[in-house]
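Chain residues, written in single-letter form:
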Amino acid sequence: MKLTMASSPHNHSHKSVNKIMMTVMAACIPGILVQTYYFGFGVLIQLALALITASLAEALVLKLRGRAIWPSLSDGSAWLTAVLLAISIPPLAPWWITVIGAFFAIAIVKQLYGGLGFNLFNPAMAAYVLLLISFPVQMTSWSPIQALTLESLSFVDQLAMIFTESTSQGVTLDVWRAGVIDGATGATPLDSVKTAVSQGLTVNEAMSKQGFGALAGLGWQYVNLAFLLGGLYLLKAKVINWHIPVAFIASLGLASAIGYIIAPESEPGTLFHLLSGGAMLGAFFIATDPVSASTTNLGRLIYGAAIGFTVYVIRQFGGYPDAVAFAVVIMNMAVPLIDHYTQPRTYGHGAKS
Amino acid sequence: MSQLKSLFQEGTWQNNPALVQLLGLCPLLAVTSTVTNALGLGIATLLVLVGSNFTVSVVRNWVPKDIRIPVFVMIIAAFVTVIQLLMNAYTFGLYQSLGIFIPLIVTNCAIIGRAEAFASKNSPLLSVWDGLMMGLGFALVLFVLGAMRELIGQGTLFDGAELLLGNWASVLRIEIFSFDHQFLVAILPPGAFLGLGFLIAAKNIIDAQLKAKAAPTAEEVKGPRARVTNLN
């Protein structure tokens with residue numbers, strides 16, 4: 001028998017980077033399926049585009065940096081970035097949106113900072129912010145959910161719309177988005193509530209239109225619930241800690257509850273905020289990125305709460321309808337500071353005498 | 001002569017105000033959205049730098065050390081006012097599009113930096129040359145960054161050149177390629193930060209390659225050099 005001396009930590013969780021990334025991607029599957037059900041095959045086409053671009057960009061930069069390509073590529077972190085970015089992009093956005101976004105996320109936000117583990121910002125969200133401020137029209141043109149459209153698009157039509165910006169019959173995205181059932185618009189629930197409130201309508205009037213369900217936006221509520229399900233699986237699998245999602249949800253919920261008490265006619269309420277836009281995806285999949293998030297438990301609570309609060313402030317008072325990406329990127333910048341002030345005391349050091 | 005040459009190298013490359021000293025970043029990042037704006041501000045800064053360096057150098061022996069900074073700022077502000085009035089008179093469109101960044105030349109650290117570090121210690125002629133070279137280095141970086149951002153952002157070069165050079169210059173506008181959608185980030189401030197980062201990285205790569213090329217010859221020189229010092 002051979003006894004080997006290994007350095008601490010002796011207890012190993014046997015989680016490789018690859019395994020963690022694959023688990024997170026697997027947890028995304030319910031959300032992706034629900035999103036595909038409501039918004040069409042465009043979701044999957046964007047996913048494929050993002051995966052291919054991210055892999056090529058990662059391989060290219062690794063080659064330029066003189067690193068071995070396969071070990072880094074196969075850890076799956078680039079693929080996870082691609083998945084998160086593709087989910088956030090409107091399903092029928094032109095192909096170059098996804099290609100630019102995935103390339104920027106991998107080549108610039110991740111690899112130029114030194115690759116996995118060194119990136120200051122969450123690559124998917126930084127790329128999303130780049131796309132949103134560069135191409136505001138394309139990035140806010142979400143398709144109406146399939147149940148509300150007069151004519152549904154086939155897979156081939158959606159493919160044609162993504163690559164040539166119109167179907168074989170010459171229907172462009174704008175024309176198709178205009179052809180929805182009376183009273184509904186192609187705007188996302190967050191967007192239409194915001195527009196209605198700015199026009200002087202109350203939230204109840206805004207939400208009595210087509211496109212709103214029992215909890216929040218039609219379709220969107222189930223997409224968010226599906227991501228919540230995936231997130232709970234991640235908690236169960238111990239891939240993420242509870243601190244960030246709980247702090248995120250509690251802070252967003254509390255802020256919107258206070259807002260609802262103060263101004264009920266211009267404030268859609270807690271449930272709407274939690275089940276709209278990228279709230280659940282952000283809480284469980286994006287804010288919990290182990291590289292760019294805070295690393296201490298207290299820090300995670302502060303980080304998650306700050307993101308939730310920022311999301312609420314930007315949604316309610318800012319110029320953009322949704323804010324998860326902005327909030328995450330802003331708080332990424334604060335992480336070194338948070339980590340500095342929340343270092344746990346190690347045994348034998350730093351006690352107050 | 002060799003001093004003039006070394007000042008030329010310092011200003012345009014080795015000690016470039018924008019790429020190495022990283023001074024004057026505020027106007028550098030804010031106005032380089034097009035080549036025209038970049039050139040306009042670059043030339044304005046160059047003229048102020050030459051004028052202020054000359055004046056500071058002329059009065060250097062009469063200015064008490066304790067109040068030199070306020071004096072320098074007054075001199076710079078005077079030149080900026082002159083440039084501002086000139087631009088208001090002759091290039092009004094550019095004057096409007098540069099806006100607050102013309103008066104802000106006063107606070108450009110590259111200018112007061114040269115007044116303090118060079119002009120207050122050297123003769124007027126050398127100071128003028130130093131101001132010219134530093135201004136040239138700054139203007140060149142502005143020009144390159146402006147060209148990058150304009151090309152990526154809207155696919156053109158020299159858009160609106162008539163604002164700077166008069167009506168004949170509208171023929172200078174080159175449309176390299178046309179987009180249906182502008183790549184807005186290149187024109188917005190984040191694009192300036194990214195662009196400047198890439199320029200600095202490119203400069204460092206070139207420097208590293210030059211160094212790698214020069215390294216073997218330095219070793220060859222090493223042998224005889226020992227004997228030279230012995231002779232001394």
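Residues numbered from 1 in each chain as written. Chains lettered and ligands numbered in written order. Predicted model: local features only at pLDDT ≥ 70, side-chain atom pairs only at ≥ 80, totals over all residues. Heavy atoms only, no water.

*Asks:* Quick question: what am I supposed to make of the overall build of chain A here?
*Replies:* The helix and strand inventory of chain A stands at 17 helices and zero strands. The globule rule puts the C-alpha radius of gyration for 353 residues at 20 Å, and the 21 Å found for chain A is close to it. Taken over the C-alpha atoms alone, chain A extends approximately 75 × 50 × 35 Å along its principal axes. For chain A, the proportion of its 353 residues judged to be buried stands at 53%. Here the contacts in chain A between residues at least 6 apart in sequence split such that 76% fall between residues at least 24 apart. (Helix = DSSP H or I, 4+ residues; strand = E, 2+ residues; numbered from the N terminus. Rg over C-alpha atoms; globule rule 2.2 N^0.38 Å. Buried < 20%, exposed > 50% of the residue type's maximum accessible area, 1.4 Å probe, protein only. Contact = heavy atoms within 4.5 Å.)

*Asks:* Looking at this structure, I do not really get the environment of I307(A). What am I missing?
*Replies:* Residue and element names in this part refer to chain A. Looking at the element boundaries, I307 is found in helix 16 (residues 297-317). Overall, I307 belongs to the buried group, its relative accessible area being 0%. Spatially, the C-alpha atoms of I307 and P245 are 10.0 Å apart, while their sequence positions differ by 62 residues. For I307, the residues in contact, after removing those within four places along its chain, are F248, A287, A327, V328 and M331.

*Asks:* Explain the packing of aromatic side chains here, please?
*Replies:* Here the distance between the centres and the angle between the planes together describe a pair of aromatic rings. All names here are of chain A. Per the stated rule, a full pass over the model turns up 13 aromatic pairs over all chains. Both rings, one in W96 and one in F135, keep their centres 5.1 Å apart while their planes meet at 70 degrees; by these two values the pair is edge-to-face. Residue W96 is found in helix 5 (residues 95-111), and its partner F135 is found in the loop between helix 6 (123-134) and helix 7 (136-140); the two are separated by 39 residues along the sequence. Accessibility classification places W96 together with F135 in one group, the buried group. Summarising the aromatic geometry, the rings of Y113 and F121 are spaced 6.5 Å apart at their centres and angled 80 degrees between planes, so their arrangement reads as edge-to-face. On the basis of relative accessibility, which here comes to 16%, the residue F121 falls in the buried class. By the ring-pair criterion, three or more aromatic residues cluster together here, those being Y37, Y38 and Y222. (Phe/Tyr/Trp six-rings, centres within 6.5 Å; stacked < 30°, edge-to-face > 60°.)

*Asks:* I tried to follow the UniProt feature "transmembrane region" (unreviewed entry) in chain A on my own but got confused; where do I start?
*Replies:* In this structure's numbering, the residues bearing the UniProt feature "transmembrane region" (unreviewed entry) are residues 20-38, 44-62, 95-113, 212-235, 242-263, 269-288, 300-317 and 323-342 of chain A. When the span residues 242-263 of chain A is considered, its composition is 91% helix and 0% strand, and the gap between its end C-alpha atoms is 31 Å. (UniProt positions renumbered as here; feature names shortened; annotations may be inferred.)

*Asks:* It is not clear to me how the interface of chain B and chain A should be interpreted in this structure. Could you clarify?
*Replies:* How big an interface is tends to be stated in terms of the accessible area lost upon association of its parts. Taken together, the nine residues of chain B in the interface contact 12 residues of chain A. Roughly 780 Å² is buried in total at the junction of chain B and chain A, and carbon and sulfur atoms are behind 77% of that figure. Counting the surface chain B buries against chain A, the share from its top three residues, H181(B), F183(B) and V185(B), is 53%. On inspection of chain B and its partner chain A, the count reaches zero salt bridges. The tally of links from chain B across to chain A stands at one residue pair in polar contact (both at pLDDT 80 or more). Listing elements by their share of the side of chain B that touches chain A, those giving two or more residues are helix 9 (184-187) and helix 10 (189-231) of chain B. Looking at which element gives the most residues to the side of chain B that touches chain A, the answer is helix 10 of chain B, with three residues. Among the residues making up the side of chain B that touches chain A, the classes are represented as seven nonpolar, two polar and no charged. (Buried area = accessible area lost by both parts, 1.4 Å probe. Salt bridge = Lys/Arg side-chain N within 4 Å of Asp/Glu carboxyl O. Polar contact = N/O pair within 3.5 Å; in protein donor to acceptor, adjacent residues only side chain to side chain. Nonpolar A, V, L, I, M, F, W, Y, C, P; charged D, E, K, R; others polar.)

*Asks:* What should I look at first to understand a nonpolar patch on the surface in this one?
*Replies:* All names here are of chain A. A cluster of nonpolar side chains, contributed by F41, L44, W95, F155, V156, L159 and F163, occupies part of the molecular surface with about 620 Å² of accessible area. Here the nonpolar patch takes four residues from helix 8 (residues 155-164), the largest share from any one element. Take W95: it is sitting in helix 5. Residue classification places W95 among the partly exposed positions, given a relative accessible area of 34%. (Patch = residues over 30% accessible without salt bridge, like charges linked within 9 Å, V, L, I, M, F, W, Y side chains within 5 Å. Areas by Shrake-Rupley, 256 points an atom, 1.4 Å probe, with all protein chains shown as cover.)

*Asks:* Sorry, what's going on with the packing of helix 2 (residues 42-64) of chain A against helix 8 of chain A here?
*Replies:* Packed helices, taken two at a time, are described by their axes: the angle between them and the distance between them. All names here are of chain A. At a closest axis distance of 9 Å, the pairing of helix 2 and helix 8 adopts a crossing angle of 50 degrees. Judged on the interaxial angle alone, helix 8 and helix 2 are oblique. Both helix 2 and helix 8 take part in a crossing whose hand is right-handed. In contact with G42, I45, Q46 and L49 of helix 2, helix 8 contributes F155, Q158, L159, I162 and F163. For the contact of helix 2 with helix 8, a count of residues per class yields six nonpolar, three polar and no charged. (Axes fitted to C-alpha atoms, helices over the stretch in contact; angles between N-to-C directions. Parallel < 35°, antiparallel > 145°, perpendicular 65-115°, else oblique. Left-handed = near helix turned anticlockwise from the far one by under 90°.)

*Asks:* Help me out: how do you make sense of the environment of G76(A) in this one?
*Replies:* Residue and element names in this part refer to chain A. Note on placement: G76 falls in the loop between helix 3 (69-73) and helix 4 (77-88). For G76, a relative accessible area of 0% translates into the label buried. Measuring from C-alpha to C-alpha, the distance between G76 and V17 comes to 7.7 Å, with 59 residues separating the pair along the chain.

*Asks:* I keep staring at the confidence of the model for chain B and nothing clicks. Help me out?
*Replies:* All names here are of chain B. Chain-level statistics for chain B give a pLDDT mean of 83 and a share of 91% at 70 or above. Across chain B, element-level confidence peaks in helix 4 (residues 68-90) with a mean pLDDT of 92 and bottoms out in helix 8 (residues 162-165) with 73. Across the predicted assembly, pTM comes out at 0.84 and ipTM at 0.75. (pLDDT = per-residue confidence, 0-100.)

*Asks:* Explain the state of the cysteines here, please?
*Replies:* Structurally, a disulfide amounts to a covalent bond that connects the sulfur atoms of two cysteines. Residue and element names in this part refer to chain B. Counted under the stated rule, the structure contains zero disulfides over all chains. Lacking any disulfide linkage, C26 is separated from the closest cysteine sulfur, that of C109, by 9.0 Å. Taking relative accessible area as the criterion, C26 reaches 47% and is therefore assigned partly exposed. (Disulfide = S-S within 2.5 Å.)

*Asks:* Looking at this structure, I do not really get helix 6 of chain A. What am I missing?
*Replies:* In an α-helix, one turn spans 3.6 residues, which is why side chains three or four residues apart end up on the same side. All names here are of chain A. Compared with an ideal rise of 1.5 Å per residue, which puts 12 residues at 16 Å, helix 6 spans 16 Å between its outermost C-alpha atoms and is within 8% of the ideal. The buried fraction of helix 6 amounts to 12 of the 12 residues, a majority that puts the element mostly inside the structure. Where helix 6 starts, the residue carrying a side-chain oxygen 3.2 Å from the main-chain nitrogen of A124 turns out to be N122. (Expected span 1.5 Å × (residues − 1).)

*Asks:* Which parts of the structure should I look at to understand the nonpolar core?
*Replies:* Generally speaking, soluble globular proteins have nonpolar side chains that are buried together. Judged by nonpolar contacts, the single largest core of 88 residues is most densely connected at F39(A), L84(A), L85(A), I97(A), F285(A), Y303(A) and I307(A). Per-element accounting of this core gives the leading share, 10 residues, to helix 6 of chain A. Per-domain counts for this core show at least three residues from each of domain 1 (16-186) and domain 2 (211-341) of chain A. The contact partners of Y303(A), leaving out residues within four places of it in the chain, are I244(A), A287(A), S292(A), A293(A), S294(A), V328(A), M331(A), N332(A), V335(A) and I338(A). Judged by nonpolar contacts, the second largest core, of 30 residues, contains V48(B), Y95(B), I105(B) and L196(B). (Core = buried A, V, L, I, M, F, W, Y, C linked by side-chain atoms within 4.5 Å. Domains from an automatic or database assignment.)

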